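Understanding the architecture of this molecule
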Amino acid sequence: MDKKGSERMNQQDFQKDYIEEEEYQEDRKYIWLFFIIALCLLLFIVIGFTYSLYSGTIEGSVQPIPPEDTNIIFNYSDTNGSHNGISLSNVQEMSDVAGKKQIGNGRVFDFSVSGETKEDKIKYLIVLKADEISTISDSDVKVYLTSRSGGTEVELNNTVPTYEELEEITIDGEKYKILYEQVVDANSKFDNYYRFRMWIREGASDYYGKTYSLKVNVLAEGVGE
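Residues numbered from 1 in each chain as written. Predicted model: local features only at pLDDT ≥ 70, side-chain atom pairs only at ≥ 80, totals over all residues. Heavy atoms only, no water.

A look at the overall build of the protein chain
Convention followed: Put simply, DSSP H or I for four residues or longer makes a helix, DSSP E for two residues or longer makes a strand, and each gets a number counted from the N terminus. Any residue under 20% of the maximum accessible area for its type is buried, any over 50% is exposed, and the rest in between are partly exposed; the area is computed with a 1.4 Å probe on protein chains only. We call two residues in contact when some of their heavy atoms are within 4.5 Å. Here the open area of atoms and residues is found with the Shrake-Rupley method and a 1.4 Å probe, where only the protein chains shown may cover a residue.
Regarding its fold elements, the protein chain presents two helices and twelve strands. Mapped from its N terminus to its C terminus, the protein chain presents α and β elements in the order α-β-β-β-β-α-β-β-β-β-β-β-β-β. Taking all 225 residues of the protein chain together, the buried fraction comes to 32%. In the protein chain, 78% of the contacts between residues at least 6 apart in sequence involve partners at least 24 apart. Accessible surface, the protein chain: about 14500 Å² in total, of which carbon and sulfur atoms supply 52%.

Here it is, written out as structure tokens:
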């Protein structure tokens, strides 16, 4: 092979190597782009999951009496941004049958009460407190509580009262409505799950364009023997 032929082959080899290098660099660019996108998605998922964990279970306000004999935790899911509460707005009146069947975000409030007693029995109260800015009448708002075990719900009251009809209690100068109360035996552990619903009673009329919100809380007291 003459010198010119050798130079031509070297030039072709060089061009081939250059093209392959460009293709390699191009492939690397796409690989890095894919890696960055995947990393961003992973980071987004991790942050979202962390936020869900943070928002999903929050200790509520608890007032155990006496504190040395019990340790109660009020856990709830803050899926609608209302913390330990639920709100009504732009809704229609409904029957008790329909109200009891409500499901979904913003329509139910799921929570649990758990703890461990020591030497004395305790009684915890599930209480409600309407927001002062609520504009719907207390007599038009139905409240309903069930206990939950897996996918099964059990009614805890024979009737569905309005907020106004609930018994009132004053603790440390704050007025609450008692929704439900439970006595727990001494030296026992408990983990009870509940679901709360509320709706505008059938036959109500003065609620158009108005809102109603309340908070659910748990208070405890010792009952001794």
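Some remarks on the pairing of strand E6 (residues 121-130)
The following threshold applies: Two strands pair if DSSP finds at least two bridges between them.
The buried fraction of E6 amounts to seven of the ten residues, a majority that puts the element mostly inside the structure. Taken together, the seven bridges between E6 and strand E10 (residues 174-184) define a ladder with antiparallel strand orientation. Paired with isoleucine 122 across the two strands is valine 184, which belongs to E10.

Description of the pattern of salt bridges
Heads up, the rule is: Salt bridge criterion: a side-chain nitrogen from Lys or Arg within 4 Å of a carboxyl oxygen from Asp or Glu.
Here the structure, examined in full by the defined rule, presents ten salt bridges. Between arginine 201 and aspartate 140 there is a salt bridge, and its shortest N-O distance comes to 2.8 Å. With arginine 201 in the loop between strand E11 (189-200) and strand E12 (211-224) and aspartate 140 in the loop between E6 and strand E7 (141-149), this residue pair connects regions lying 61 residues apart in the sequence. On the basis of relative accessibility, which here comes to 7%, the residue aspartate 140 falls in the buried class. The network of salt bridges with shared partners includes Asp110, Arg148, Glu153, Arg195 and Arg197.

Remarks on the environment of alanine 98
Turning to its location among the elements, alanine 98 is positioned in helix H2 (residues 96-100). Along the sequence, alanine 98 and tryptophan 199 sit 101 residues apart, while their C-alpha atoms lie 9.4 Å from each other.

Concerning the nonpolar core
Under the convention used in this document: Grouping buried Ala, Val, Leu, Ile, Met, Phe, Trp, Tyr and Cys residues that are joined through side-chain atoms within 4.5 Å yields what is termed a nonpolar core.
In this structure, Phe111, Tyr124 and Phe196 are the most contacted members of the largest nonpolar core, which totals 33 residues. Every element with two or more residues in this core is listed here: strand E3 (70-76), strand E4 (85-89), strand E5 (109-117), E6, E7, E10, E11 and E12. Apart from residues no more than four positions distant in its own chain, phenylalanine 196 is found in contact with Ile86, Arg107, Val108, Phe109, Phe111, Leu128, Val143, Tyr144, Leu145, Leu179, Leu214 and Val216.

Let's talk about the packing of aromatic side chains
Convention followed: We call Phe, Tyr and Trp rings a pair once their centres come within 6.5 Å, taking the six-membered ring for Trp, and we label the pair stacked below 30 degrees between planes, edge-to-face above 60, and tilted otherwise. Two conditions define a charge located above a ring, namely a distance within 6 Å from the ring centre to NZ of Lys or CZ of Arg, and an angle within 35 degrees of the ring normal.
Taken as a whole and assessed by the stated rule, the structure comprises eight aromatic pairs. On the numbers, 5.5 Å between centres and 90° between planes, the contact of phenylalanine 74 with phenylalanine 111 is edge-to-face. Of this pair, phenylalanine 74 sits in strand E3 while phenylalanine 111 sits in strand E5; the two residues are 37 residues apart in sequence, bridging distant segments of the chain. The class of phenylalanine 111 is buried, set by a relative accessible area of 2%. When the centroid spacing of 4.6 Å and the interplanar angle of 25° are considered together, the rings of tyrosine 207 and tyrosine 208 count as stacked. For tyrosine 208, a relative accessible area of 58% translates into the label exposed. Positioned over the ring face of tyrosine 176 is lysine 129, at 5.8 Å from the centre of the ring.

Digging into the side chain of serine 188
For the record, the criterion: In protein, a polar contact means a hydrogen-donor-capable atom and an acceptor-capable atom, both N or O and within 3.5 Å, with residues adjacent in sequence counting only if both atoms are side-chain atoms; elsewhere, any N or O pair within 3.5 Å suffices.
Along the chain, serine 188 falls in the loop between E10 and E11. For serine 188, a relative accessible area of 18% gives the class buried. Here aspartate 185 takes part through its backbone oxygen, which lies 2.6 Å from a polar atom of the side chain of serine 188. Those residues in contact with serine 188 that sit more than four places away from it in its chain are Gly115, Glu116 and Thr117.

Section: the pairing of strand E9 (residues 167-171)
As paired strands, E9 and E10 are joined by five bridges and run antiparallel to one another. Residue pairing in the sheet places glutamate 168 in a bridge with lysine 177 of E10. Once E9 ends, the chain turns through two residues before running back antiparallel as E10, passing aspartate 172 with a positive phi of about 50°.

Brief notes about unusual backbone geometry
In this structure, aspartate 172 is a non-glycine residue whose phi angle is positive, near 50°. Relative to the helices and strands, aspartate 172 resides in the loop between E9 and E10. Classification of aspartate 172 as exposed rests on a relative accessible area of 68%. One non-glycine residue, asparagine 187, lies in positive phi territory at about 55°. Positionally, asparagine 187 belongs in the loop between E10 and E11.

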